[in-house]
Amino acid sequence: MSNILNNDLKQQLVADFQATESRLNGEAKTEVHQKRREAMQRFEALGFPTIKHEEWKYSNVNNLVKQAFDFNVKSDFGANDVETLEIPNLQGNVLYFVNGMYNAELSSIVSPESQLQILNFGRAVKEKPELLATYFAHYANYQDEAFTALNTAFAHDGVVVHVPAGKVVEEPIILRFITDARTANAASQPRNLIVVGKNAEVKMAEAFRTIGDNGSFTNVVTEIVVEENANVQYYKVQNETEKAYHIGTTQVIQKDKSHFYAVTVTVNGGFVRNNLNIVLDGQHCESFMYGLYFPNGKQHVDNHTLVDHAKPNSYSNELYKGILKDTSTGVFNGKIFVREYASKTNAYQSCRNVVLSDEASMNTKPQLEIYNDDVKCSHGTTTGKLNDEAIFYMRSRGIPKAEAVTLLMYAFCEDVISQIKIESIREYLSGLIVEKLAQ
Amino acid sequence: MLTITDLQASVDDKEILKGINLEIKPGEVHAIMGPNGSGKSTLASVLAGREEYEVTGGSVEFEGQDLLEMSPEERAAAGIFLAFQYPVEIPGVTTINFLKTALNEIRKSRGEAPLDAAQFLKLMREKAKIVNIDDALLKRSLNEGFSGGEKKRNEIFQMAMLEPKLAILDETDSGLDIDALRIVAEGVNKLRSPERAVIVVTHYQRLLDYIVPDYVHVLYKGRIVKSGSKELAFELEEKGYDWIKAEVAAL
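Residues numbered from 1 in each chain as written. Chains lettered and ligands numbered in written order. Predicted model: local features only at pLDDT ≥ 70, side-chain atom pairs only at ≥ 80, totals over all residues. Heavy atoms only, no water.

Where an unreviewed UniProt entry is consulted, chain B appears under the name Fe-S cluster assembly ATPase SufC, with the organism given as Runella aurantiaca.

An unreviewed UniProt entry lists chain A under the name Fe-S cluster assembly protein SufD, with Runella aurantiaca as the source organism.

**Quick look at the overall build of chain B**
When helices and strands are counted, chain B shows nine helices and 12 strands. Scaling as 2.2 N^0.38, a compact globule of 251 residues should have a C-alpha radius of gyration of about 18 Å, and chain B matches this with 18 Å. Once the C-alpha set of chain B is aligned to its principal axes, its extents read approximately 60 × 40 × 35 Å. A burial count over chain B gives 54% of its 251 residues as buried. Partitioning the intrachain contacts of chain B with sequence separation of at least 6 by distance along the chain shows that 69% fall at a separation of at least 24. Accessible surface computed for chain B: about 11000 Å², of which carbon and sulfur atoms make up 47%. (Helix = DSSP H or I, 4+ residues; strand = E, 2+ residues; numbered from the N terminus. Rg over C-alpha atoms; globule rule 2.2 N^0.38 Å. Buried < 20%, exposed > 50% of the residue type's maximum accessible area, 1.4 Å probe, protein only. Contact = heavy atoms within 4.5 Å. Areas by Shrake-Rupley, 256 points an atom, 1.4 Å probe, with all protein chains shown as cover.)

**With respect to the packing of helix H8 (residues 388-395) of chain A against helix H9 (residues 401-417) of chain A**
Packed helices, taken two at a time, are described by the angle between their axes plus the distance between the axes. Residue and element names in this part refer to chain A. Packing of H8 against H9 leaves a shortest axis separation of 9 Å and a crossing angle of 125°. By the angle class used here, H8 and H9 are oblique. The handedness of the crossing between H8 and H9 is right-handed. Taking contact as the criterion, the partners of Ala 390, Ile 391, Met 394 and Arg 395 in H8 are, on H9, Lys 401, Ala 404, Val 405, Leu 407 and Leu 408. Looking at the contact of H8 with H9 residue by residue, the class counts come to seven nonpolar, no polar and two charged. (Axes fitted to C-alpha atoms, helices over the stretch in contact; angles between N-to-C directions. Parallel < 35°, antiparallel > 145°, perpendicular 65-115°, else oblique. Left-handed = near helix turned anticlockwise from the far one by under 90°. Nonpolar A, V, L, I, M, F, W, Y, C, P; charged D, E, K, R; others polar.)

**Examining the UniProt feature "domain: ABC transporter" (unreviewed entry) in chain B**
According to UniProt, the "domain: ABC transporter" (unreviewed entry) feature falls on residues 2-246 of chain B. Measuring from the first to the last C-alpha atom of residues 2-246 of chain B gives 30 Å, for a span that is 36% helix and 29% strand. (UniProt positions renumbered as here; feature names shortened; annotations may be inferred.)

**Observations regarding the interface of chain A and chain B**
Between chain A and chain B, the contact holds 18 residues from the first and 30 residues from the second. Of the roughly 2000 Å² buried at the junction of chain A and chain B (both faces included), carbon and sulfur atoms supply 63%. Three residues stand out in chain A for area buried against chain B, namely Phe 392, Tyr 393 and Arg 397 of chain A, and they jointly supply 40% of the buried area on that side. Summed over the shared surface of chain A and chain B, the number is four salt bridges. The salt bridge partner of Glu 389 of chain A is Arg 50 of chain B, with a shortest N-O separation of 2.5 Å. At the level of secondary structure, the elements contributing two or more residues to the side of chain A that touches chain B comprise H8 and H9 of chain A. (Buried area = accessible area lost by both parts, 1.4 Å probe. Salt bridge = Lys/Arg side-chain N within 4 Å of Asp/Glu carboxyl O.)

**Looking at a positive patch on the surface**
Where like charges cluster on the molecular surface, the positive patch consists of Lys 14, Lys 18, Lys 221, Arg 223 and Lys 245 of chain B. Residue position: Lys 245 of chain B is located in helix H9 (residues 242-250). (Patch = residues over 30% accessible without salt bridge, like charges linked within 9 Å, V, L, I, M, F, W, Y side chains within 5 Å. Lys, Arg positive; Asp, Glu negative; His and termini not counted. Charge placed at Lys NZ, Arg CZ, Asp CG, Glu CD.)

**Considering the domain arrangement of chain A**
Residue and element names in this part refer to chain A. As assigned here, chain A comprises domain 1 (9-281) and domain 2 (390-439). Taken over C-alpha atoms, the centre of domain 1 sits 30 Å from the centre of domain 2. Each partner contributes to the interface: domain 1 provides 18 residues, whereas domain 2 provides 12 residues. With both sides pooled, the region where domain 1 packs onto domain 2 buries about 1400 Å², and carbon together with sulfur makes up 78% of that total. Across the domain 1-domain 2 interface, the total number found is zero salt bridges. At the surface where domain 1 touches domain 2, the tally comes to three residue pairs in polar contact (both at pLDDT 80 or more). For the side of domain 1 that touches domain 2, the residue count by class is 12 nonpolar, four polar and two charged. (Domains from an automatic or database assignment. Polar contact = N/O pair within 3.5 Å; in protein donor to acceptor, adjacent residues only side chain to side chain.)

**Considerations on the sheet that holds strand E18 (residues 345-355) of chain A**
Residue and element names in this part refer to chain A. With mixed pairing, the 10 strands of this open sheet are ordered in space as E2-E1-E5-E8-E10-E12-E14-E16-E18-E20. At either end of the open sheet lies a strand with only one pairing partner, and these are strand E2 (101-108) and strand E20 (375-384). Sheet twist, expressed as the mean angle between neighbouring strand axes with direction ignored, is 10°. Where strand E10 (residues 231-239) lies against strand E12 (residues 259-268), nine bridges are found, and the strand directions are parallel. In the strand pairing of E12, Gln 233 is matched with Tyr 261. Helix-sheet contacts for H9 involve E12, strand E14 (286-293), strand E16 (315-324) and E18, and the interaxial angle to E16 is about 155°. Together, strand E5 (173-180), strand E8 (201-211), E10, E12, E14 and E16 form the strand contacts of helix H10 (residues 423-437), whose direction differs from that of E12 by roughly 35°. (Pairing = 2+ DSSP bridges.)

**Quick notes on empty space enclosed by the protein**
Over the atoms, a rolling probe the size of a water molecule traces out where space has been left empty. All names here are of chain A. Taken as a whole and assessed by the stated rule, the structure comprises four cavities of 30 Å³ or more. The volume enclosed by the largest cavity comes to roughly 50 Å³. Lining the largest cavity are Tyr 234, Lys 236, Gly 248, Thr 250, Thr 264, Asn 274, Asn 275, Leu 276, Asn 303 and Tyr 320. Taken together, the elements giving at least two residues each to the lining of the largest cavity come down to E10, strand E11 (244-254) and strand E13 (271-280). It is E13 that provides the largest number of residues to the lining of the largest cavity, a total of three residues. Its residues assigned to classes, the lining of the largest cavity comprises three nonpolar, six polar and one charged. (1 Å grid on protein atoms, 1.4 Å probe; cavity = no way out; pocket = protein on both sides within 12 Å on 5 of 7 lines; lining within 4 Å. Points joined across faces, edges and corners; volume = space filled by probe spheres on them.)

**Here we look at H8 of chain A**
Residues and elements named next belong to chain A. With six of its eight residues buried, H8 lies for the most part within the structure. Among all positions in H8, only Ala 390, Ile 391, Phe 392, Tyr 393, Met 394 and Arg 395 are buried. The backbone nitrogen of Glu 389 has a side-chain oxygen 2.9 Å away, supplied by the residue at the start of H8, namely Asn 387.

**Re helix H1 (residues 40-48) of chain B**
Residues and elements named next belong to chain B. With eight of nine residues buried, H1 is to be regarded as a mostly interior element. Among all positions in H1, only Lys 40, Thr 42, Leu 43, Ala 44, Ser 45, Val 46, Leu 47 and Ala 48 are buried. At the exit of H1 stands Gly 49, carrying a positive phi of roughly 95°.

**Thoughts on the sheet that holds strand E10 (residues 197-201) of chain B**
All names here are of chain B. Across the sheet, six strands lie side by side as E6-E9-E10-E3-E11-E12; this open sheet has mixed pairing. Of all strands in the sheet, those bounded by a partner on one side alone are strand E6 (80-83) and strand E12 (223-228). For this sheet, the mean inter-axis angle between neighbouring strands, taken without regard to orientation, is 20°. Direction of pairing for strand E3 (residues 29-33) relative to strand E11 (residues 215-220): parallel, over a ladder of four bridges. Residue pairing in the sheet places Ile 32 in a bridge with His 217 of E11. In this fold H9 packs onto E11 and E12, with an angle of close to 120° to the strand it touches most, E12.

**Structural notes on the pairing of E16 of chain A**
All names here are of chain A. Most of E16 is tucked away, with eight of its 10 residues classed as buried. Alignment of E16 against E18, held across 10 bridges, turns out to be parallel. Residue Ile 323 lies in a different strand from E18, and its bridge partner there is Val 354.

**Overview of the environment of Thr 210 of chain A**
All names here are of chain A. Its location among the elements puts Thr 210 in strand E8. Thr 210 gets classed as buried once you look at its relative accessible area, which sits at 2%. For the pair Thr 210 and Gln 238, spaced 28 residues apart in the sequence, the C-alpha separation amounts to 9.1 Å. In terms of polar contacts, Thr 210 uses its side chain to reach the side chain of Glu 240, at 3.1 Å.

So, in structure tokens, the structure goes:
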């Protein structure tokens with residue numbers, strides 16, 4: 001996988017796959033690898049999506065596919081570099097992945113093994129084959145989604161988490177994905193599997209950060225299994241560069257009475273596509289999805305959510321908010337399925353945007369497909385400007401205009417930021433957001 | 001303190017103020033009354049620096065400075081305060097945070113050190129008593145879901161915190177029941193001082209039972225057509241505005 005990719009990205013990847021496979025020895029026979037091989041075949045058949053593809057209408061990956069990336073950039077990212085990353089007071093189980101590879105030296109796992117089993121993907125293939133056989137690639141759709149297929153085919157590193165039934169993990173899990181693009185166009189494809197057992201509880205964050213001036217491409221897939229009555233808080237935080245491509249899929253499956261909270265915050269990134277897919281495969285489940293994005297310059301942020309109510313009596317609610325500046329573009333596509341048997345479903349969706357420039361644009365598309373009469377569903381989208389009267393009110397109290405505008409924009413985001421229950425992450429984000437809004 | 005000379009202003013090319021003259025000295029309370037649409041609120045807005053209003057003539061001098069050249073925030077720093085007729089709801093910003101930012105910005109512009117959290121809270125507790133405003137209310141988003149009375153009390157509380165030299169109360173009595181009105185008026189009275197001037201803009205005499213003015217001016221069709229003592233307000237309450245209109249028409 002060490003080759004530079006050119007505009008024949010697809011063929012390059014096919015060749016890479018074969019090269020990798022030849023080095024696998026015994027692992028080639030594992031179930032995990034059977035999945036990889038199947039996924040590769042699907043990727044070959046699907047190819048990269050174009051804007052003719054309904055789900056990719058507003059997000060054109062053409063420029064990505066034309067660029068050259070190295071999937072195996074050597075990085076000397078170390079403890080000194082960690083100092084320069086600005087999350088203070090970071091406590092808990094903190095795992096570092098540098099250009100997609102687990103870095104044990106920088107990482108620290110503090111929770112006792114009785115509460116939390118956590119290991120990198122490579123080790124899990126050897127040490128937890130039964131866990132992977134049960135869950136890996138069972139939920140993320142590599143049959144139809146090209147990027148998921150690609151990630152599955154190259155699933156070699158990332159994290160595997162298992163919270164045993166009944167355990168409440170007290171310390172959060174923070175996964176820091178560092179793309180070191182200081183020397184070359186760096187690409188990585190982390191693959192994560194999170195299994196949270198019955199009655200168990202965990203808070204986790206995925207934080208993506210790019211350093212260096214070269215281009216980067218991250219294609220991440222995270223599968224999260226929320227067993228009966230389990231509670232999962234999941235935060236995805238993106239602070240990448242203008243040249244960074246990020247395509248990510250978080251695939252969640254919820255069992256009876258489980259609770260799942262997602263907060264996705266895109267502070268910076270060149271081209272961002274986040275897919276958040278939740279299957280409510282249980283009764284009396286609750287799912288909450290929150291999102292925030294602040295594209296400026298030429299940044300592009302696309303959030304696709306899919307909530308699939310497969311069983312009766314569950315509740316889902318999503319709130320996405322964005323502030324767009326300059327010539328940036330945003331997409332929100334929220335799909336809600338209510339299956340035939342999923343009566344008494346409550347599903348709500350709202351997307352609110354502030355567009356601060358005439359050249360910026362936001363495309364919102366709610367899609368409700370409801371096959372049951374006994375449900376409550378609603379969706380709403382708004383796109384507006386800042387309230388001039390509120391700005392004048394603040395100025396009349398002595399707050400300078402620029403400050404008033406920043407305060408107002410921050411206030412707009414506040415109800416999403418406050419959903420983040422890992423304090424260090426919330427504080428970090430809140431600082432980043434203030435900084436970004438003041439730009 | 002404040003000298004308004006032949007002030008003219010329009011909004012959307014419609015002339016609202018057609019030559020206002022007014023002189024206000026420290027410690028004085030001036031009531032500005034008048035029928036709907038006479039330009040009362042426009043005058044208040046122009047003094048606070050609302051941008052939708054275009055000043056087309058005249059001048060306003062505040063403590064020797066050209067007020068019309070100043071931005072709204074500069075006016076606030078100079079000591080002008082407008083209590084809004086319709087205070088704005090700002091979800092996501094608590095009253096505490098809002099006022100702390102405002103107060104420290106004003107202090108900064110005056111070259112004073114910002115108040116730290118403890119100093120600010122102490123000041124806040126002290127001032128909250130003036131209008132009997134609850135701590136819980138101040139921790140909520142600014143004006144969001146507040147009743148009419150709570151909003152107006154919050155305005156006077158803000159005035160108490162920012163200690164302006166000139167406070168302009170724009171129809172602070174509108175929409176208030178008598179109990180709420182009394183609390184708000186008592187708050188204003190507690191803030192009266194020999195250094196502080198107040199302009200009370202109101203349609204009704206009722207508020208002036210509680211905030212007793214030194215002067216009453218009647219604004220009609222963009223001009224001050226009559227000035228007098230507090231007795232003028234009683235006369236207006238008794239006879240309405242028609243006789244003023246008739247007087248103006250006769251000229």
